[in-house]
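# Structural characterization, general
Spelled out, the chains give:
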Amino acid sequence: MDRDTDFTAYLAARQARLLRTAYLLTGDQHQAEDLLQTSLAKLYLAWDRVQDRGSVDAYVRRIMVNENNSLWRRPWKRREVASDRLPDSRGVHDAYDEGLGAAVWAVVQTLPRRARAVVVLRYYEQLSEAETAEVLGISVGTVKSQTSRALAALRDRTPADLDPTLRPASGEEQ
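Residues numbered from 1 in each chain as written. Predicted model: local features only at pLDDT ≥ 70, side-chain atom pairs only at ≥ 80, totals over all residues. Heavy atoms only, no water.

## Thoughts on helix α2 (residues 29–46)
- Compared with the 26 Å implied by 1.5 Å per residue over 18 residues, the 25 Å span of α2 between its first and last C-alpha is a close match.
- Every buried residue belonging to α2 is among A32, L35, L36, S39, L40, L43 and A46, and all of these are buried. Along the axis of α2, the buried residues cluster in a sector spanning 130°; they form a single face. Turned more than 90 degrees away from the buried face of α2, the exposed residues are H30, Q37 and L45.
- The secondary structure elements touched by the buried residues of α2 are α1 (2–26) and α3 (56–68).
- The opening residue of α2, the one whose side-chain oxygen lies 3.1 Å from the backbone nitrogen of H30, is D28. (Helix = DSSP H or I, 4+ residues; strand = E, 2+ residues; numbered from the N terminus. Expected span 1.5 Å × (residues − 1). Buried < 20%, exposed > 50% of the residue type's maximum accessible area, 1.4 Å probe, protein only. Arc of directions from axis to C-beta. Contact = heavy atoms within 4.5 Å. Polar contact = N/O pair within 3.5 Å; in protein donor to acceptor, adjacent residues only side chain to side chain.)

## Quick notes on the pattern of salt bridges
- In this structure the tally under the stated criterion is five salt bridges.
- With a shortest N-O distance of 3.4 Å, D48 and R3 are connected by a salt bridge. Of the two residues, D48 sits in the loop between α2 and α3 while R3 sits in helix α1, which places them 45 residues apart along the sequence.
- On the basis of relative accessibility, which here comes to 26%, the residue R3 falls in the partly exposed class.
- Of the charged contacts in the structure, one is a salt bridge between R20 and E125, with a shortest N-O distance of 3.0 Å. Here R20, found in helix α1, pairs with E125, found in the loop between α5 (113–124) and α6 (129–136); they are 105 residues apart in sequence, far enough to count as distant.
- Of the residues examined, R20 reaches a relative accessible area of 17% and is grouped as buried.
- Residue classification places E125 among the buried residues on the basis of a relative accessible area of 6%.
- Salt bridges linked by common partners bring R17, R20 and E125 together as one network. (Salt bridge = Lys/Arg side-chain N within 4 Å of Asp/Glu carboxyl O.)

## Observations regarding the environment of R122
- Within the fold, R122 resides in helix α5.
- A relative accessible area of 18% means that R122 is categorised as buried.
- Sequence-wise, R122 and A133 are 11 residues apart; in three dimensions their C-alpha atoms are separated by 9.9 Å.
- In contact with R122, not counting residues within four places along its chain, are L127, S128, E129, T132, V143 and T147.

## A few points about the confidence of the model for the chain
- Taken as a whole, the chain shows an average pLDDT of 80; of its residues, 75% reach a score of 70 or greater.
- Across the chain, the element-wise mean pLDDT spans from 81 in helix α4 (residues 102–108) up to 92 in helix α7 (residues 140–157).
- Low pLDDT, under 50, characterises residues 76–81; the stretch is placed with five contacts to residues that sit more than four places away or in other chains. (pLDDT = per-residue confidence, 0-100.)

## Observations regarding the packing of α5 against α7
- Running from amino to carboxyl end, α5 crosses α7 at an angle of 100°, the nearest separation of the two axes being 9 Å. Taken together, α5 and α7 sit at an angle that is classed as roughly perpendicular. For the pair α5 and α7, the contacting residues are R114, A115, V118, V119, R122 and Y123 in the first and T142, V143, Q146, T147, A150, L151 and L154 in the second.
- Taken together, the residues that form the contact of α5 with α7 break down as eight nonpolar, three polar and two charged. (Axes fitted to C-alpha atoms, helices over the stretch in contact; angles between N-to-C directions. Parallel < 35°, antiparallel > 145°, perpendicular 65-115°, else oblique. Nonpolar A, V, L, I, M, F, W, Y, C, P; charged D, E, K, R; others polar.)

## Regarding the side chain of T147
- Turning to its location among the elements, T147 is positioned in helix α7.
- A relative accessible area of 8% means that T147 is categorised as buried.
- Excluding its chain neighbours within four sequence positions, the residues that come into contact with T147 are V118, R122 and Y123.

Structure, rendered in structure tokens:
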């Protein structure tokens, strides 16, 4: 009975945030609900084995990413496209985004699942490169290269009115 009480308390506290993460990974509310349900079922089965209660969120994120990525692990999904364009040399400071900007999110949803997972974990969940690598089960170098490719794709796909590098600085005339 203690197990069910602990698990129910965890769900009450974290379910909304986990659903948000699932939505950010899938880009679809229904798929997010399915992903979360599957992930929580797996968590419940492993609840007694989770020794460090402080790392439950990381454990669930790992389950969600693994479940969501099961499609892109197939060989036909591993095709990568080379680009002859160099990344922008200007730095742009990205502000924290709760995922509410529908226009920006529409562009993020055009990314393949793997790239979207890296972007969601790095910039929406604000995980470090090492934490992202751990959740995805890949090396830090792969996180860096996937992030670079995803950001390059986002730069190419972002409409001009959403591009912060094309906006006048505050105080400048438009």
